[in-house]
Amino acid sequence: MNKVKNVSKEMCFFTYLLENYAAFKKQRADIIFQQLDDLNLVETIFNNYEMYHRENLNNAFIDIDLLIQKNKIVF
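Residues numbered from 1 in each chain as written. Predicted model: local features only at pLDDT ≥ 70, side-chain atom pairs only at ≥ 80, totals over all residues. Heavy atoms only, no water.

Trainee: Mind laying out the overall build of the protein chain, listing which residues take part and the relevant values?
Mentor: The helix and strand inventory of the protein chain stands at 5 helices and 0 strands. Walking the protein chain from its N terminus toward its C terminus, one meets helices and strands in the order α-α-α-α-α. By residue count, 28% of the 75 residues in the protein chain fall in the buried class. By element, 53% of the accessible surface of the protein chain is carried by carbon and sulfur atoms, the whole surface being about 5,700 Å². (Helix = DSSP H or I, 4+ residues; strand = E, 2+ residues; numbered from the N terminus. Buried < 20%, exposed > 50% of the residue type's maximum accessible area, 1.4 Å probe, protein only. Areas by Shrake-Rupley, 256 points an atom, 1.4 Å probe, with all protein chains shown as cover.)

Pasting the structure below:
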């Protein structure tokens with residue numbers, strides 16, 4: 001297996017989290033990424049690396065779902 005150089009542990013985990021979240025939602029990762037980007041959540045999720053990588057992925061999925069719900073609310 002070739003190692004990708006100059007990729008942070010945070011980026012590797014973000015990719016892992018995104019791919020697993022997409023599988024959990026039975027959706028393609030690019031569609032999930034676009035939805036998160038449209039809601040300006042990519043940076044928030046990426047920056048939660050320390051919290052997400054220590055907990056069960058299902059807890060991270062619940063948190064992402066809550067972030068999406070919160071950011072979809074239009075007043």
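Trainee: Summarise helix 2 (residues 29-38); cite the residues concerned and give the values.
Mentor: Of the residues making up helix 2, those classed as buried are Ala 29, Ile 32 and Leu 36. The arc that holds the buried residues of helix 2, viewed along the axis, is 65°, so those residues lie on one side. Remark: Asn 40 follows helix 2 within two positions and exhibits a positive phi of approximately 55°. (Arc of directions from axis to C-beta.)

Trainee: So what's going on with the packing of helix 1 (residues 9-24) against helix 2? Residues and values would help.
Mentor: Running from amino to carboxyl end, helix 1 crosses helix 2 at an angle of 110°, the nearest separation of the two axes being 8 Å. Looking at the two axes, helix 1 sits roughly perpendicular to helix 2. Listed contacts from helix 2 to Phe 14, Leu 18, Glu 19, Tyr 21 and Ala 22 of helix 1 are Ala 29, Ile 32, Phe 33 and Leu 36. Residues of the contact of helix 1 with helix 2, tallied by class, amount to 8 nonpolar, no polar and 1 charged. (Axes fitted to C-alpha atoms, helices over the stretch in contact; angles between N-to-C directions. Parallel < 35°, antiparallel > 145°, perpendicular 65-115°, else oblique. Contact = heavy atoms within 4.5 Å. Nonpolar A, V, L, I, M, F, W, Y, C, P; charged D, E, K, R; others polar.)

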